[in-house]
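# Observations on chain architecture
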Amino acid sequence: MSYNFKKVEEKWQKKWYEEGTFNASQDFKNKKKWFGLIEFPYPSGQGLHVGHPRSYTALDIIARKKRMEGYNVLYPIGFDAFGLPAENYAMKNHVHPKITTEKNINHFREQLKSLGFSFDWSREINTTDPSYYKWTQWIFIQLYKKGLAYKATMPINFCTGCKVGLANEEVVNGVCERCGSPVVQKEKSQWMLKITEYAQRLIDDLDDVDFLEKIKIQQKNWIGRSEGAEVNFKISGTDDSLLVYTTRPDTIFGATYMVVAPEHEFIKKYEDKITNLEEVKEYKEKAALKSDFERSELNKEKTGVEIKGIKAINPLTNEEIPIWISDYVLITYGTGAIMAVPAHDTRDFEFAKKFNLPIKPVIIPKDSDLLKEVEAEFDYNFANDFSKISKEDEHFKDYGLTEAFTDIENGIAINSDFLNGLPSSEAIVKATEYIEKNGLGKKTVNYKLRDWVFSRQRYWGEPIPMVYCEDCGWNPISEEELPLKLPDIEDYEPGENGESPLSKQTEWIKTKCPVCGKDARRETDTMPQWAGSSWYFLRYMDPHNDKALASKEALEYWSPVDWYNGGMEHTTLHLLYSRFWHKFLYDIGVVPTKEPYKKRTSHGMILGTNGEKMSKSKGNVINPDDIVQEFGADTFRVYEMFMGPFDQTAPWSMESIRGCGKFLDRVWNMQEFVEEGDTFTKEHEIMMNKAIKKVSSDIEEMKFNTSVAVFMTMVNEFYKDKKINKAEYKVFLQLLNPFAPHMTEEIFSKLGSDKTINETPWPTFDPAKVIDDEVVIPIQVNGRLKSKVMAPKDAEEDVVKELVHNDETIINYLEGKTVVKEIYVKGKIFNIVVK
RNA sequence: GCAGAUGUGGCGGAACUGGUAGACGCACAGGACUUAAAAUCCUGCGGACGAAUAAUCCGUGCCGGUUCGAUUCCGGCCAUCUGCACCA
């Protein structure tokens, strides 16, 4: 009786998808809800990747279990369909992206259905559908109205060969991914979203959600909060000053020069005073020509030019110090200018070495001999005479000044007047107080996070619903006009100088100003791919609503997403962007929760059989269709869950998947010897209870691989004496159902049941029956296993002790030795310490 | 450089809050069935020394520590992977 997976899988899929078995009920009042979410795919021409089902199967298992536990489950699916590949394909083959997208979606849908996922297909969404992106545009307008969307001139990646703006992922090692020409930065006026306004809340609210710790850490690192101070350095001979940001105000006494970024306005301001203006301007221009890649290239020599003719004054030492221009200072961070403390900053140290600038130590390691000497003499200013410190000087070694000393944990201030003798952490506080008290500057917080560049010079994206009028400036179109539909075009080539293809659609661009009614023009840039995915989970709650992005009632009931699984590669962009949008929607009263996702987990990547990342060029791509064809969906699902820990990478193995197929065949063939019986047999009772306990908790902890191992062990047990009864078989099938839904439903119905497994409650276990009455107690001597005895599970020490001392191996072993100590851990172990 | 993760048989991997290391699967070997092969079923399978399923020793990246007992805890290294990266 061999198993025909093709027939069985088709039968059940037809039943599920035609009858809408998994459509989430609209019962908003009487049932607990559970909303499970996976990252909706981009429908690429290559079809589904074997990596997609890993995540989808995992949450499908959880969703199926939750249904059996009585939850009203929402497990939806959709397509994130705007994006580059469709547009590039259109350029090459002159096929409208709409057509390729539709074709690809149809293919994906078939593939997903062939795997038996319990998605609610009645709620399928598509980000390129105008009824969907109407609300993406609506959210943008709300952001604009609250001042969170603004225009700014920002550099774009521009390919000198294709004359087109490129996305970051299209720039590989500084050249264009397609033609290999160098990529330069080109200034362009673009829409920006003020995500920085939410930086602090995006950090703080991580405390309230259940995300994997590594996800929280990555998000925090990305946001990059740092505390420090802004300090003014006077420009010598003027009332003006240069503002810097520092996280180490305790090192100001060691600031021996300053540096401004090439783009800093300072240069323009002092043009007439700078005596080497030509040289400075030349440096500035050279820096502008460098790409981001070149500028941040590793191990590169520092470059810079001194700005001659003006000096700054260190506010604490009152010494005149030089000002330099260098591209190691970034205009985008802090104030675009720094005070350089070469003794205690690695980059400043390198720069000072190269240009022979003074290096003045103001911190000393707390365990150095020199510190003891200094303390004994009560003279923290001993080194003010720098001529004494040279490479030959013994003291120099103690300073560790062959490199910058940056350790904040282990530093003591010296050469720093009122800070002398303080550990760095205290010195920071005291220095900051001093700065504020004396009007030199103030305490500040900085973030690495930049505002979100929201414009793309592309066709296949949501049009930005903004209009420019000569008199009124930028204004959003009226909300009644939404959606602003993407016009159908035939020429997908970019416009002049990397403009969007829409810039050539003269008729579409022409419009009236929404404020004054005069002739005006539309924005031709479109939104980035991240836009549609920043709120899609909300649309699932009420996907067909044309009055709002979702009804209040639906949002109240389904929010937040209970469990969101996705890849680590989306931790810093998609996950952060969607949290930002959600917080904004919360602020304007659209959504009821501060955070969109209660819980976030991640899956590991599936590698090729050679242990490398799957890629066409390496020829190690596994096509899911071939796998389903050869082994069936159930085997595919079981294998992907069995292959290793869910959150870690795992290589594909054709041999191992065969093993999973064999296991399912054995499950099927148990029908040949199943006996009548409506309770567990005595011999299987403990095993069944243990299995229910283990599988139930494994699923919640995503330890699917060990659940599959439990199933295999059980089957081996049933085969030992070819003994299983109907009650045992049924519970076994219920537990296995989330993993292998088709086969288990089929056997279940053949065993004679008026319900499908999907309609039965999840099995429960009896806590009293998960421990054997008799347990094996290992006996160790000096921590090494020597023998074992059987004992009742709650046996007291004296009982076990007697058993142990009657054990022949142990008697032999203890001969001629002295027992020092005996340790018994109830039901676990007996250890004898001997001499 | 910073942050995070990982390191256990030939391979993928188990091991609860410190308590029998190697569950389960793959590969491999032997056997049963078969004219034969495939499939299936049964058995073995970390290493050393053994005829041995007798005893002993070694063994969870390396070195050391705590403990009756360490894959697990602590300190110090090494290697690999993934993010980020001149963030002052």
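The rules we used
- Residues numbered from 1 in each chain as written.
- Chains lettered and ligands numbered in written order.
- Predicted model: local features only at pLDDT ≥ 70, side-chain atom pairs only at ≥ 80, totals over all residues.
- Heavy atoms only, no water.
- Helix = DSSP H or I, 4+ residues; strand = E, 2+ residues; numbered from the N terminus.
- Buried < 20%, exposed > 50% of the residue type's maximum accessible area, 1.4 Å probe, protein only.
- Contact = heavy atoms within 4.5 Å.
- Areas by Shrake-Rupley, 256 points an atom, 1.4 Å probe, with all protein chains shown as cover.
- Lys, Arg positive; Asp, Glu negative; His and termini not counted.
- Charge placed at Lys NZ, Arg CZ, Asp CG, Glu CD.
- Pairing = 2+ DSSP bridges.
- Axes fitted to C-alpha atoms, helices over the stretch in contact; angles between N-to-C directions.
- Nonpolar A, V, L, I, M, F, W, Y, C, P; charged D, E, K, R; others polar.
- Phe/Tyr/Trp six-rings, centres within 6.5 Å; stacked < 30°, edge-to-face > 60°.
- Lys NZ or Arg CZ within 6 Å of the ring centre and 35° of its normal.
- Salt bridge = Lys/Arg side-chain N within 4 Å of Asp/Glu carboxyl O.
- Near = heavy atom within 4 Å.
- Polar contact = N/O pair within 3.5 Å; in protein donor to acceptor, adjacent residues only side chain to side chain.
- Parallel < 35°, antiparallel > 145°, perpendicular 65-115°, else oblique.
- pLDDT = per-residue confidence, 0-100.
- Expected span 1.5 Å × (residues − 1).

This part is about the overall build of chain A. Each helix and strand in chain A was counted, giving 27 helices and 34 strands. Dimensions of chain A, computed from the C-alpha atoms along their principal axes, are close to 100 × 90 × 50 Å. By residue count, 54% of the 835 residues in chain A fall in the buried class. Long-range contacts, defined here as pairs at least 24 residues apart, represent 73% of the contacts in chain A between residues at least 6 apart. Carbon and sulfur atoms form 49% of the exposed surface of chain A, whose accessible area is close to 38300 Å². One finds the centroid of the 111 positive side-chain charges in chain A at a distance of 2 Å from the centroid of its 131 negative side-chain charges.

Sheet strands pair via backbone hydrogen bonds, and the direction of the pair is either parallel or antiparallel. Spatially, the four strands line up as an open sheet ordered β22-β21-β24-β23, and their pairing is antiparallel. Bordering the open sheet on either side are β22 (473-476) and β23 (510-512), each of which pairs with just one other strand. In this sheet, adjacent strand axes meet at a mean angle of 40° when their direction is disregarded. Where strand β21 (residues 466-469) lies against β22, four bridges are found, and the strand directions are antiparallel. For Tyr468, the partnering residue across the bridge sits in β22 and is Trp474.

Let us look at the packing of helix α19 (residues 624-631) against helix α20 (residues 633-642). Close contact between α19 and α20 brings their axes to 7 Å; oriented N to C, the two are set at 115°. Seen from α19, the contacting residues are Pro624, Ile627, Val628 and Phe631; seen from α20, they are Ala633, Thr635 and Phe636. Here the contact of α19 with α20 is built from residues that sort into six nonpolar, one polar and no charged.

Before going further, it helps to examine the packing of aromatic side chains. Considering all chains together, one arrives at 51 aromatic pairs under this definition. Between Trp135 and Trp138, the aromatic rings sit 5.8 Å apart at their centres with planes inclined by 65°, giving edge-to-face as the arrangement. Of this pair, Trp135 and Trp138 both sit in helix α5 (residues 130-145), three residues apart, which is roughly one turn of the helix. The class of Trp135 is buried, set by a relative accessible area of 6%. Relative to Phe732, the ring of Phe718 has its centre 6.1 Å away and its plane inclined at 90°; by these criteria the two rings are edge-to-face. Taken as a pair, Phe718 in helix α23 (residues 704-720) and Phe732 in helix α24 (residues 726-736) lie far apart in primary sequence, 14 residues in all. With respect to burial, Phe718 and Phe732 carry one shared label: buried. A connected cluster of aromatic rings, assembled from ring pairs, spans Phe140, Tyr144, Trp191, Tyr198, Trp452, Phe454, Tyr468, Trp474, Trp530, Tyr577, Phe580 and Trp581. For Arg600, the ring lying beneath its charged end belongs to Tyr564, and the centroid distance is 4.6 Å.

For the rest of this paragraph, the subject is the pattern of salt bridges. Within this structure, the stated rule accounts for 47 salt bridges. For Glu746, the salt bridge goes to Lys11, with nearest N and O atoms at 2.8 Å. Residue Glu746 is located in helix α25 (residues 741-750), and its partner Lys11 is located in helix α1 (residues 5-19); the two are separated by 735 residues in the primary sequence. Judged by its relative accessible area of 10%, Glu746 falls in the buried class. A relative accessible area of 42% means that Lys11 is categorised as partly exposed. With a closest N to O distance of 3.8 Å, Lys188 and Glu499 form a salt bridge. Of this pair, Lys188 sits in strand β9 (residues 183-193) while Glu499 is found in the loop between β22 and α15 (506-509), placing the two residues 311 residues apart along the sequence. Among the residues examined, Lys188 registers a relative accessible area of 13% and is labelled buried. A relative accessible area of 27% means that Glu499 is categorised as partly exposed.

If you check the shell around RNA strand B, you find 51 residues, and the closest are Lys300, Tyr333, Arg347, Lys448 and Asn831. Counted by atom, the contact set of RNA strand B within 4 Å of the protein is 64% sugar and phosphate. The separation between a base nitrogen of RNA strand B and a polar main-chain atom of Leu330 is 3.0 Å. The dominant element in the surface near RNA strand B, judged by the number of residues it contributes, is α23, at six residues. A breakdown of the residues in the surface near RNA strand B according to their chemical character gives 21 nonpolar, 15 polar and 15 charged.

For the rest of this paragraph, the subject is the packing of α20 against α23. In contact at an axis separation of 7 Å, α20 and α23 are set at 120° when each is read in the N-to-C sense. When the axes of α20 and α23 are compared, the pair comes out oblique. Taken together, the residues of α23 that come into contact with α20 (itself represented by Val638, Met641 and Phe642) are Phe704, Asn705, Val708, Ala709 and Met712. Each residue belonging to the contact of α20 with α23 can be placed in one class, and the counts come to seven nonpolar, one polar and no charged.

Now for the confidence of the model for chain A. Considering every residue of chain A, the mean pLDDT works out to 89; 93% of them sit at 70 or more. Taken together, the stretch residues 382-400 has pLDDT below 50 and engages in 37 contacts with residues farther than four places along the chain or on a different chain. Predicted as a complex, the structure gets a pTM of 0.92 and an ipTM equal to 0.95.

For the rest of this paragraph, the subject is the pairing of strand β11 (residues 225-235). In this structure, β11 lies alongside strand β19 (residues 441-447), joined through seven bridges in antiparallel fashion. Note on β19: the bridge partner recorded for Glu227 is Val445. Bridging between β11 and strand β12 (residues 241-246) involves six bridges; their strand directions are antiparallel. Within β12, the residue paired with Phe233 across the bridge is Leu242. The hairpin formed by β11 and β12 contains five residues between the paired strands, and Gly237 there has a positive phi angle of roughly 80°. In terms of strand pairing, β11 meets strand β14 (residues 305-313) through two bridges, oriented antiparallel. Across the sheet, Ile235 pairs through a bridge with Ala312, a residue of β14.

Of note, the bond from Leu482 into Pro483 is cis; its omega dihedral lies within 30 degrees of zero at -5°. You can see Pro483 is positioned in the loop between β22 and α15. Residues Ser559 and Pro560 are joined by a peptide bond in cis, for which omega reads -10°. Residue placement: Pro560 occurs in the loop between α17 (552-558) and β25 (563-566). The backbone of Asn415 shows a phi angle near 50°, a positive value even though the residue is not glycine.

With that settled, the discussion passes to the sheet that holds strand β2 (residues 72-74). Taken in spatial order, the five strands of this open sheet run β2-β1-β25-β26-β10, and their pairing is parallel. Either end of the sheet is taken by a strand with one partner, and the two such strands are β2 and β10 (210-211). Those strands touched by helix α2 (residues 51-68) are β1 (33-38), β2 and β25, and its axis lies near 170° from that of β1.

Turning to the environment of Glu676, a few remarks are in order. Tracing the sequence through the fold places Glu676 in the loop between β29 (674-675) and α22 (682-700). The residues contacting Glu676, other than those within four sequence positions of it, are Asn725 and Lys726. A polar contact of 3.3 Å, which involves the side chain of Glu676, links it to the side chain of Lys726.

Now for α2. Between the first and last C-alpha of α2 there are 27 Å, a value that for 18 residues agrees with the 26 Å anticipated at 1.5 Å per step. Taking burial as the measure, the 18 residues of α2 include 17 buried ones, the bulk of the element. In the stretch just after α2, Gly70 is the one whose phi turns positive, near 100°.

For the rest of this paragraph, the subject is the side chain of Thr756. Note that Thr756 resides in the loop between α25 and β31 (774-781). When neighbours within four sequence positions are excluded, Thr756 is seen to be in contact with Trp12, Lys15, Glu745 and Phe748.

Among the secondary structure elements, Lys750 is positioned in helix α25. Looking at Lys750, the relative accessible area reads 47%, which means it is partly exposed. Taking the C-alpha atoms as reference, Lys750 lies 9.1 Å from Gln671; in sequence the two are 79 residues apart. In this structure Lys750 touches Trp668 and Gln671, once residues within four positions along its chain are discounted.

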